[in-house]
Amino acid sequence: MLRTFIQYFWPHLLALLPGSPFRSMRCRLWRLIGYEVSLDANVMAGSSLRYGDISIGSCTFVGEGTLITGGAVSIGDNCDIAPRCVLHAGSHSIGSPTRRAGASYAGSISIGTGTWVGTASTILAGAEIGCGVIVAAGSVVTKGVYPDNVLLGGVPARVIRRFDCDD
């Protein structure tokens, strides 16, 4: 109960430490309540990490207003998560006609090293995004395994382009 209370109010407290000058302090404070956030990551004020096993790699940027929640979320090194993204690893089984959202469960999301997630994208439970991927702004990445070095876009997201190793 206390952990849930702290996790709910913690992002509001960290929002009082604005901008890049306080990024190291914010990372230390996220770690204090149990999230694995690299000390050289930049989780901007106004972002929210809630209710899950969350890991954010070295030199990764998480933009303002991003929500990471619901289960096991692993973000690799050197990633850029633009503002207002949602990474929601939780979901529900399909329930009865009287309530279609059945029992809830914590899923997982994996984002490979060097990936760039565009503004207002949504990544849902079961998504395994490879390394060096670009997720176009506004895309919805659903459950599935996505290869390295591709451009994902659309609703639902699909591979739009493959990059050469030199791109």
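Everything that follows concerns the structure shown earlier in this document.
Residues numbered from 1 in each chain as written. Predicted model: local features only at pLDDT ≥ 70, side-chain atom pairs only at ≥ 80, totals over all residues. Heavy atoms only, no water.

### Considerations on the overall build of the protein
When its secondary structure is counted, the protein shows two helices and 20 strands. Taken across its 167 residues, the protein has 41% of its residues classed as buried. Considering only contacts in the protein between residues 6 or more positions apart, those separated by 24 or more positions represent 22%. Roughly 8700 Å² of accessible area belongs to the protein as shown, and the carbon and sulfur atoms make up 59% of that amount. (Helix = DSSP H or I, 4+ residues; strand = E, 2+ residues; numbered from the N terminus. Buried < 20%, exposed > 50% of the residue type's maximum accessible area, 1.4 Å probe, protein only. Contact = heavy atoms within 4.5 Å. Areas by Shrake-Rupley, 256 points an atom, 1.4 Å probe, with all protein chains shown as cover.)

### Some details on the sheet that holds strand E12 (residues 108–111)
One open sheet holds the six strands; their spatial order is E1-E4-E7-E12-E15-E18, and the pairing between them is parallel. Among the strands making up the open sheet, the edge pair consists of strand E1 (36–37) and strand E18 (144–146). Where strand E4 (residues 53–56) lies against strand E7 (residues 72–75), four bridges are found, and the strand directions are parallel. Within E7, the position partnered with Asp53 by the bridge is Ala72. (Pairing = 2+ DSSP bridges.)

### What about unusual backbone geometry?
Going from Val155 to Pro156, the amide bond is cis rather than trans, its omega being -5 degrees. Turning to its location among the elements, Pro156 is positioned in the loop between strand E19 (150–153) and strand E20 (158–162). Even without a glycine there, the phi angle at Asn78 is positive, about 55 degrees. Take Asn78: it is sitting in the loop between E7 and strand E8 (80–81). For Asn149, which is not a glycine, the phi torsion comes out positive at approximately 55 degrees.

### Concerning the sheet that holds strand E13 (residues 116–117)
Pairing within the open sheet is mixed, and its seven strands lie in the order E2-E5-E8-E13-E16-E19-E20. If you trace the sheet from one side to the other, it starts and ends with strand E2 (42–43) and E20, each paired once.

### Examining the pairing of E4
Of the pairings in the sheet, the one linking E1 to E4 comprises two bridges and is parallel in character. For Val37, the partnering residue across the bridge sits in E4 and is Ile56.

### So, the environment of Pro147
Assignment of secondary structure puts Pro147 in the loop between E18 and E19. Classification of Pro147 by relative accessible area gives partly exposed; the value is 33%. Along the chain, Pro147 and Val133 lie 14 residues apart, while their C-alpha atoms are 7.9 Å from each other. When residues no more than four places from it in sequence are discounted, the contact partners of Pro147 are Gly130, Val133, Val159 and Arg162.

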